[in-house]
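A look at the structure
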Amino acid sequence: MSTRHDTVAPTPLDIRLRETQEAFDSVATDYDGPRGNNELIQRMRHTLWATVRAELPAGSRLLDLGCGTGIDAVEFARSRFRVTASDWSPRMVERARERARAAGVSERLDAVHVGIQELDRIDGEFDGVYSNFGPLNCAPDLRQVATECARLVRHGGSLVFSVMGRVVPWEVGHYAMRGRLRRAMVRGARGVTPVGMNKHTIWTWYYFPREFYAAFSEHFTLSSYRALSLFLPPPYMIDRVQRRPAFYERLGRMDDRLGGLPLLRDMGDHFLIVMHRR
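It should be emphasised that the depicted structure is a prediction, and the values quoted were computed from it without experimental measurement.

Rules behind the numbers
Residues numbered from 1 in each chain as written. Predicted model: local features only at pLDDT ≥ 70, side-chain atom pairs only at ≥ 80, totals over all residues. Heavy atoms only, no water. Helix = DSSP H or I, 4+ residues; strand = E, 2+ residues; numbered from the N terminus. Rg over C-alpha atoms; globule rule 2.2 N^0.38 Å. Buried < 20%, exposed > 50% of the residue type's maximum accessible area, 1.4 Å probe, protein only. Contact = heavy atoms within 4.5 Å. Areas by Shrake-Rupley, 256 points an atom, 1.4 Å probe, with all protein chains shown as cover. Lys, Arg positive; Asp, Glu negative; His and termini not counted. Charge placed at Lys NZ, Arg CZ, Asp CG, Glu CD. Pairing = 2+ DSSP bridges. Axes fitted to C-alpha atoms, helices over the stretch in contact; angles between N-to-C directions. Phe/Tyr/Trp six-rings, centres within 6.5 Å; stacked < 30°, edge-to-face > 60°. Lys NZ or Arg CZ within 6 Å of the ring centre and 35° of its normal. Salt bridge = Lys/Arg side-chain N within 4 Å of Asp/Glu carboxyl O.

**Remarks on the overall build of the protein**
- When its secondary structure is counted, the protein shows 11 helices and 9 strands.
- Whereas a compact globule of 278 residues would reach a radius of gyration of roughly 19 Å, the protein reaches 19 Å, a difference of no more than 12%.
- If one aligns the C-alpha atoms of the protein with their principal axes, the spans along those axes are about 75 × 45 × 40 Å.
- Sorting the 278 residues of the protein into buried and exposed places 51% on the buried side.
- For the protein, long-range pairs separated by at least 24 residues make up 77% of all intrachain contacts whose partners lie at least 6 apart in sequence.
- For the protein, the exposed surface amounts to about 13,500 Å²; the carbon and sulfur share of it is 53%.
- Taking the average place of the 40 positive charges on the side chains of the protein and the average place of its 33 negative ones, the gap between the two points comes to 6 Å.

Here it is in structure tokens:
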């Protein structure tokens, strides 16, 4: 007599999540270098740091969604915040834990292997949630994320998210001039889009700021949003900046002065959006 063991085939969503995880696992060892932390990335990173500090005092409890190797989480832990840093990539979480130990902030930083689609696994109350450089673009159900954030964030608490936008003039021009029109328009796609990285695939959704906010509007009020890297090029064009640093520094100052203006704030490599719990 034989016993039948039925196996459940992975769904398309399961496959996409696994492929995205594998993509980030594959770059975890060098993500602190030019791939994930060049001068253009650092400039955007510092804008998020300043915004979180303006929103919440030191000592606040923060949740980091998509912490990567823990650069942001360690910075906030050093500044006396208490941080739970989460990521879908187990290798990224390992790197974040190593960074926290090396910085001597492990008592204020807890790195956990939890994907953005698994926030129901996190308990407690947080003063704020932040996410940097587009982990939320990989969330398969943004409204579910919003519901979980509402559960986790105290009333009056803050969300500070850096999200990949739809309209990047530099990117459109760069690829259009090379005859790669399909690549130039990739961010305009509706629904999920496969994006290559290190011979792997990251499954990505792109958003306009108010399109993104719509998923959170039931539980959060919109405080502000602004463009990041609008006049400056996207981080993968860092070679341009390195050849003409003075010129691009002027463009960076234009980002700082003008990136929050109507229309302009709807463009850029990323946008930085701030919301408050109702």
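Having seen the structure, we can now continue with the description.
**Things to note about the side chain of Ser 229**
- Locating Ser 229 in the fold gives a position in the loop between β8 (220–228) and α10 (238–243).
- Not counting residues up to four positions away in its chain, the partners in contact with Ser 229 are Met 44, Asp 255, Gly 268 and Asp 269.

**Section: unusual backbone geometry**
- Even without a glycine there, the phi angle at Asn 198 is positive, about 55 degrees.
- A positive phi angle is found at Ser 229, which is not glycine, with a value near 55 degrees.

**Structural notes on the sheet that holds strand β1 (residues 61–65)**
- In space, the 7 strands of this open sheet follow the order β3-β2-β1-β4-β5-β9-β8, with mixed pairing throughout. Whereas interior strands pair on both sides, the edge strands pair on one side only; in this sheet they are β3 (109–113) and β8. Here the strands of the sheet are splayed against their neighbours by 15 degrees on average, with no regard to which way each runs.
- Two strands pair when backbone bridges link them, and β1 and strand β2 (residues 82–87) are joined in this way by 5 bridges, in the parallel orientation. Bridge pairing links Asp 64 to Ala 85 in β2.

**Describing the packing of aromatic side chains**
- Overall, the coordinates contain 12 aromatic pairs when judged by the stated rule.
- With 5.5 Å between their ring centres and 80 degrees between their planes, Phe 76 and Phe 81 make a pair best called edge-to-face. Just as Phe 76 is buried, Phe 81 falls in that class too.
- Relative to Phe 212, the ring of Tyr 207 has its centre 5.5 Å away and its plane inclined at 75 degrees; by these criteria the two rings are edge-to-face. With respect to burial, Tyr 207 and Phe 212 carry one shared label: buried.
- One aromatic cluster is present, formed by Phe 161, Tyr 207, Phe 212, Phe 216, Phe 220 and Phe 271 through successive ring pairs.
- Across from the ring centre of Phe 247, 4.4 Å away, lies the NZ or CZ of Arg 244, which sits over that ring.

**Let's talk about the pattern of salt bridges**
- A full pass over the atoms with the stated rule returns 18 salt bridges.
- In this structure, Asp 72 and Arg 45 form a salt bridge, with 2.8 Å as the shortest nitrogen-oxygen distance. Taken together, the positions of Asp 72 in helix α4 (residues 71–78) and Arg 45 in helix α3 (residues 39–55) put the pair 27 residues apart, joining distant regions of the chain.
- Among the ionic pairs, Glu 211 bridges to Arg 190, the shortest N-O distance being 2.9 Å. With Glu 211 in helix α9 (residues 209–214) and Arg 190 in the loop between α8 (181–184) and β6 (193–197), the pair connects residues that are 21 residues apart, well separated along the chain.
- Here Glu 211 falls in the partly exposed class, since its relative accessible area comes to 29%.
- Look at the salt bridges and you will find they share partners, linking Asp 32, Arg 95, Glu 98 and Arg 99 into a network.

That's the geometry; what it means functionally is another story.
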